[in-house]
Amino acid sequence: MAQVYKLFDTLKDIKETRTLLHENIPITGSLVSGTYSDENIKNFSHGRFQSVYDYPYLSSSANHIFDISVGLTSDSGLSGSGADFVESKEKVLMYNQMAQVLVGYDINGSILQFDQDGDLLAGGNKLKECVFLNFSRLLAKDEIKKESVNLTIGTGSYGSAFDGTHSVKDLNAASEYRVNSPAGEYGILYTGSVAETASAVGLVYYQAGVMVLTASLFNSTTFNATQTVDQAFSGSSTQDICDAVRHRLQNIQFNNTVELNSRIYFCRIEPDDFNYSSNPTYLSESKIVVKDEKEDESVSYITTVGLYSSDNELLAVAKLSEPLKKTRANSLILRTRLDF
Amino acid sequence: MAFLDNSGDIILDAVLTDTGRLRMAQGTFRIQKFALGDDEIDYGLFNKSQPTGQQDLDILGTPILEAFTDNASGLKSKLLTIGGEERLYLPVLKLHNEGTSQTRNDGAYYIAVNQQTKEKFATDKTGVMTYFQPSDGADFDTVIEVHQGIDNAEKTDALSADLIENQYIVEIDNLLGSVYNADNAQKAVSYIDDDNIASYFLYKEASSEGTEVKTLREDAGTIAGAPGTKLTFRIKPQDALKGTSDVWFERLGGEVSITTDTAHTFYYVDATVKVMGVTTGYRLDIPVRFLKWKSTP
């Protein structure tokens, strides 16, 4: 019986694989502050965070790449009420929101604070004044790759922010990371080249795509044009602090990760398979045009692989980049991969 | 649709079709078999007068298009597996363009969608199908008849059993028409895809001669060599075309002047009925024109 379909042996011909793909994401400081004269920076009337785009955000070509925000704990010396504390309530709310998502709650249901070394039970130093960098899914994809984070932060005076810099990395994070967060795995960000608590300046939540930096990282007598970092965190708006943080971001770099789940269909073509064609040009008056005699070798050319359901519906189609000759003298395995 | 880069290794560019994505959403995505196609290949480029190895250089240099995501056009001409000895002849499908299955002069079948339109063809019924049942007094007996067999007088011995088409798939835009048999019994739709293309599975029933697929007689005339089977069916218009609204004709077609007893202006929509043999994968496209009378100048 002539056949146009060949059944897959589901045990032998269909295999599933998982591949992790990584892309390098470099964000230069000039993009964050300068290149587009801040037309790629979107501020909101609520003032709770600031969005950074890769192009002026009014353009349809612009992609949202990350948000910057600021948070304070309610017991921070920089939060409080009165004229000296600007947007203090909003900063506390932001801290609590981020903390409840990324750190979670204690046994009494109270929101935990970000911990410098991730050891929540032992107490230790808490990050009470924080800058949050929330990366869009477009950049972080499924997760940030561990031990790939590299930030360069300017520590000079406001006018010459990059006269001095901190290099911030998630040192050794490929083998040393924490799993006691409700938002997945996270690592510790260090300045310098040694992974020690004294140089821990923040946290990076890999699956959430969030970096938490302590405000002291930016310590400078002129954090912005007129204030120290403490003065700014208590007495300036979130938007003004975000502007100053952007002013000090020289480089952000990390690798993202995409989990690619694939199903591979091995189309096994035996020597006697698919040697004839229903192509209208294959026949002339019902005679096969590539043969003179019946005994001549049948030949066909493969350009397309169709994957079908049991009721003959074409569910996926694959094209070869060039025709593949098929005769009784050869057998082929076409490996067709579908990614999900 | 761009061409694929063929400067390096052979690569496979695979995509889900629209039906594949639909089934993914429905949770019924399950691939169970594969077929191979050669849509871009023109076998007429095979030069038998050249030495072996140079006969198919033009074919092997054919640039290949990217994959279509339309399930109806992603893979049209399929490769065939035929067991046994080598073959020199293969059966084809041909339209039997004679008698009650003769087309109009322009090569298409006309389908009159309402009574007024039908009346305009009362004196010129060739190639015209209508929506009426015989009980309505209709005397339009046009059917579409497709013959299968080896169309070569050099090959008259019996067609081998493994090449005889006993099953056909007929596809038509479900908005426009549906398939009936020659006795005006409506056939059940097997499947309607995401593009509203209806597929009808018509097959030969061993116990009955009254079905759509019958053994083709040697003297049928269309097939020059060994006969296979014949498929007979009618197309009738869907309700969307029968009503007072002309919207589908205006959107998908236009106006045309046709002279029967006198010149008339009709709305029309052109479509293609696709017939495919399930066994050999051979396809035949049949043009049909849905007509609705507009005016008589």
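All of the points below concern the structure found in this document. (Residues numbered from 1 in each chain as written. Chains lettered and ligands numbered in written order. Predicted model: local features only at pLDDT ≥ 70, side-chain atom pairs only at ≥ 80, totals over all residues. Heavy atoms only, no water.)

**Structural notes on the overall build of chain A**
Summing up its helical and strand segments, chain A has five helices and 20 strands in all. With respect to the three principal axes, the spread of C-alpha positions in chain A is 100 × 45 × 35 Å. For chain A, the proportion of its 340 residues judged to be buried stands at 50%. Total accessible area on chain A is roughly 14700 Å²; 46% of this is exposed by carbon and sulfur atoms. One finds the centroid of the 29 positive side-chain charges in chain A at a distance of 6 Å from the centroid of its 42 negative side-chain charges. (Helix = DSSP H or I, 4+ residues; strand = E, 2+ residues; numbered from the N terminus. Buried < 20%, exposed > 50% of the residue type's maximum accessible area, 1.4 Å probe, protein only. Areas by Shrake-Rupley, 256 points an atom, 1.4 Å probe, with all protein chains shown as cover. Lys, Arg positive; Asp, Glu negative; His and termini not counted. Charge placed at Lys NZ, Arg CZ, Asp CG, Glu CD.)

**Topic: the packing of aromatic side chains**
All names here are of chain A. For the structure on display, the rule yields 23 aromatic pairs over all chains. Judged by centre distance (5.5 Å) and plane angle (45 degrees), the rings of F8 and Y265 are tilted. With F8 in the loop between β1 (6-7) and β2 (14-28) and Y265 in strand β14 (residues 249-269), this residue pair connects regions lying 257 residues apart in the sequence. Of the two residues, F8 and Y265, neither departs from the other in class, the shared state being buried. Here the aromatic rings of Y95 and F114 are separated by 5.4 Å at their centres, their planes lie at 85 degrees, and the arrangement is edge-to-face. In this pair, Y95 is assigned in helix α2 (residues 88-102) and F114 in the loop between α2 and β6 (129-135), connecting sequence segments 19 residues apart. In this pair, the class of Y95 matches that of F114, namely buried. Here the basic side chain of K146 rests over the ring of Y177, its NZ or CZ set 4.6 Å away from the ring centre. Its guanidinium or amino end placed over the ring of Y206, K146 lies 5.5 Å from that ring's centre, counting from NZ or CZ. (Phe/Tyr/Trp six-rings, centres within 6.5 Å; stacked < 30°, edge-to-face > 60°. Lys NZ or Arg CZ within 6 Å of the ring centre and 35° of its normal.)

**Concerning unusual backbone geometry**
Backbone geometry at A:K141 places phi at a positive 50 degrees, although glycine is not the residue there. Summarising the element assignment, A:K141 is placed in the loop between α3 (137-140) and β7 (143-144).

**Focus: the sheet that holds strand β2 (residues 33-37) of chain B**
With antiparallel pairing, five strands are arranged side by side in an open sheet as β1(A)-β2(B)-β18(A)-β19(A)-β1(B). A single partner strand is all that each edge strand has here, and the edge strands are β1 of chain A together with β1 (12-16) of chain B. As judged from the two bridges shared by β1(A) and β2(B), these two strands associate in the antiparallel manner. Residue pairing in the sheet places A:L7 in a bridge with B:K33 of β2(B). Contacts from helix α1 (residues 18-26) of chain B reach β19 (314-327) of chain A together with β1 of chain B within the one sheet, and its direction differs from that of β19(A) by about 140 degrees. (Pairing = 2+ DSSP bridges. Contact = heavy atoms within 4.5 Å. Axes fitted to C-alpha atoms, helices over the stretch in contact; angles between N-to-C directions.)

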